[in-house]
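Structural overview for review
Here are the chains, one letter per residue:
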Amino acid sequence: MTSSPAGDPSTLPEREIFWRNRYDWLASKGYRLRPRYKPGWIASWQNTNKTSLDCEDGVELATFKVIDAVRVDQGDIVMIKRVERVNTPYESQIGTYLSTAELSSDPRNHCCPVLEVLQDPYDEGLELIVMPLLRRFDEPRLDTVGEAVEFFLQTFEGLQFMHEHHIAHRDISRLNVMMDSRPILPKQFHPQSPRMSLDFRHFVSPRSRTRYPVKYYFTDFGHSRRYGPENKNPLEVPLLGGDKTVPEFRNDKSTPRNPFHTDVYYMGNLVRRYFLQEYTNLDFMDELIARMVHDDPNERPTMDEVVTSFKTIMSKLTSWMLRERLILRKDSQTINFWKDVHHVSCRTVPFLLTLRPPIPTPKRKSVRR
């Protein structure tokens, strides 16, 4: 995070002035930015014993492209993303298409909703895309095998849904898979400092996903493309997104490739890196993920095949397996012993007694559009 000019935290850095200049205009559109961006802002810690680190209005933006705001008519926190048409000409179009009423009604739609697209008042080449506040999928870590299985199912079906509608994401990575965290954080969190409460007075304390299931979403359609149904083998020159390990891109970054094959790799590699390589008791996924990350793109399964195979895998998992906690590879035997004691006494037994399903599937209700 860049600091304010000359190290003065009471002065906005250059990247935030863009938003201050649009404070009143956004307010006229129904979106209220934090007090920090109101013209004439005076830092709340001035002439007090506090510092900028103690105050909500001392929190700077994590990135100049995205800012949080309150949707005044509903009171919801939203994120507003600055998009340059010349760099991502299809982002708002694809996001808006995936947010239509017809597509939103499909429970397999796990694409971040676009609430509104605003034309920037000062620059014809800029759009401001309004989206709900989401949180990274693994903050906090998933706790049980059943929670991981639910994550796999939602993301596999979500990508299958996109491919059914002839859309390739082209940039699936840890940063672009998020969740609606309201079930586990009903009082929300600070959008620019996710470990802190909205008022910046205390750390957040997330609830259990098994007790309060969450829905996962794909975000960032800046690299995405939509094709006609007649185009059975679309080809695109490689784009390097968050995951730079795609085998077919390593030694040849100029030959056009089928982006649907690459999507399958991205999805499989996300599971491999952040689940199979992190935990010891997800080996039932090894064979399917190995197929998804095959070096030869033509040997990878389609997402229809992935979903079918995964549902077969799910059918063979027992309730006890699903209720197991996820075991970190880095933990010692001693740590594992005490974690097991805590897990059985504080989670497994209570969830059994209250008849909580081992796979926490959320209700149909999702983020408000």
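As a convention, each chain's residues are numbered from 1 in the sequence order in which they are written. Under the rules for a predicted model, residues below a pLDDT of 70 receive no local features and side-chain atom pairs below 80 are neither given nor counted, while totals for whole chains, interfaces and linings still include all residues. For side-chain calculations, the full set of non-hydrogen atoms in the structure is used, while hydrogens and water are omitted.

Let's shift gears to the overall build of the chain. Assigned secondary structure in the chain consists of 11 helices and 10 strands. Two things to know: the radius of gyration comes from C-alpha atoms, and the globule rule equals 2.2 Å times the number of residues to the power 0.38. In terms of overall size, the chain behaves like a compact globule, its C-alpha atoms giving a radius of gyration of 22 Å where 369 residues would be expected to give roughly 21 Å. Counting only C-alpha atoms and orienting by the principal axes, one finds that the chain spans roughly 60 × 55 × 40 Å. Taken across its 369 residues, the chain has 51% of its residues classed as buried. A 1.4 Å probe and the Shrake-Rupley method give the accessible areas. Residues count as covered only by the protein chains that appear here. Taken as a whole, the chain presents about 18300 Å² of accessible surface, with 53% of it coming from carbon and sulfur. His is not counted, nor are the chain ends, whereas Lys and Arg count as positive and Asp and Glu as negative. By convention, charge coordinates are those of NZ in Lys, CZ in Arg, CG in Asp, or CD in Glu. When the 53 basic and 49 acidic side-chain charges of the chain are each reduced to a single mean position, those positions are 5 Å apart. Helix numbering and strand numbering both begin at the N terminus, where a helix is a DSSP run of H or I of at least 4 residues and a strand a DSSP run of E of at least 2. Accessibility here uses a 1.4 Å probe with only protein chains present; expressed as a share of the type maximum, an area under 20% marks a residue as buried, one over 50% as exposed, and anything in between as partly exposed.

We now examine the pattern of salt bridges. By salt bridge we mean one thing: a side-chain nitrogen of Lys or Arg within 4 Å of a carboxyl oxygen of Asp or Glu. One pass over the structure, following the stated rule, counts 21 salt bridges. R108 serves as the salt-bridge partner of D106, at 3.0 Å between the closest nitrogen and oxygen. We note a salt bridge from D180 to R182, for which the minimum N-O separation is 2.9 Å. Using a relative accessible area of 30% as the deciding quantity, one classes R182 as partly exposed. Members of the salt-bridge network, linked through shared partners, are R136, D138, E139 and R174.

Below, the discussion takes up a nonpolar patch on the surface. Residues F337, W338 and V341 make up a contiguous nonpolar surface patch of roughly 350 Å² in combined accessible area. Along the chain, F337 turns up in helix α11 (residues 333–353). To count toward a patch, a residue needs a relative accessible area over 30% and no salt bridge; like charges are then connected within 9 Å, while nonpolar side chains (Val, Leu, Ile, Met, Phe, Trp, Tyr) are connected within 5 Å.

Time to look at the sheet that holds strand β6 (residues 135–136). Pairing between the strands of a sheet is mediated by backbone hydrogen bonds and can be parallel or antiparallel. Spatial strand order, β6-β8-β9: three strands in an open sheet with antiparallel pairing. The open sheet terminates on both sides in strands that have one partner only, identified here as β6 and β9 (215–218). Any two strands with at least two DSSP-identified bridges between them are counted as paired. In this structure, strand β8 (residues 177–180) lies alongside β9, joined through four bridges in antiparallel fashion. What sits directly across from V177, in β9, is F218. Against the sheet, helix α5 (residues 145–164) contacts β8 and β9, and its axis sits at roughly 40 degrees relative to β9. Contacts between residues were defined by any pair of non-hydrogen atoms, one from each residue, lying within 4.5 Å. Every axis in this analysis is a line fitted to C-alpha atoms, fitted for helices over the stretch in contact. Angles between the N-to-C directions lie between 0 and 180 degrees.

This paragraph deals with the packing of α5 against helix α9 (residues 303–315). Packing of α5 against α9 brings their axes to within 9 Å, and their N-to-C directions diverge by 155 degrees. In terms of axis orientation, α5 runs roughly antiparallel to α9. Read as a crossing pair, α5 and α9 show a hand that is left-handed. Along its contact with α5, which presents V149, F152, L153, F156, E157, L159, Q160, H163 and E164, the element α9 presents M303, D304, V306, V307, F310, K311 and M314. The residue makeup of the contact of α5 with α9, split by class, is 10 nonpolar, two polar and four charged. In what follows, roughly perpendicular refers to angles from 65 to 115 degrees, roughly parallel to angles under 35, roughly antiparallel to angles over 145, and oblique to any angle outside these ranges. Handedness of a crossing is defined here by the sense of rotation of the near helix relative to the far one, left-handed for an anticlockwise turn of less than a right angle and right-handed for a clockwise turn. Residue type decides the class: Asp, Glu, Lys and Arg count as charged, Ala, Val, Leu, Ile, Met, Phe, Trp, Tyr, Cys and Pro as nonpolar, and the leftover types, Gly among them, as polar.

To continue, consider α5. Here the expected span of a helix is defined as 1.5 Å times the quantity of residues minus one. The end-to-end C-alpha distance of α5, which contains 20 residues, comes to 28 Å, matching closely the 28 Å that a straight helix rising 1.5 Å per residue would cover. Taken across its 20 residues, α5 has 19 buried, putting it largely inside the fold. Of the residues trailing α5, H166 is marked for its positive phi of about 65 degrees.

Tracing the backbone through its elements, the reader meets E305 in helix α9. Since its relative accessible area comes to 41%, E305 is described here as partly exposed. For E305 and L288, which are 17 residues apart along the polypeptide, the C-alpha to C-alpha distance reads 9.9 Å.

The analysis is restricted to geometry; functional conclusions fall outside its scope.
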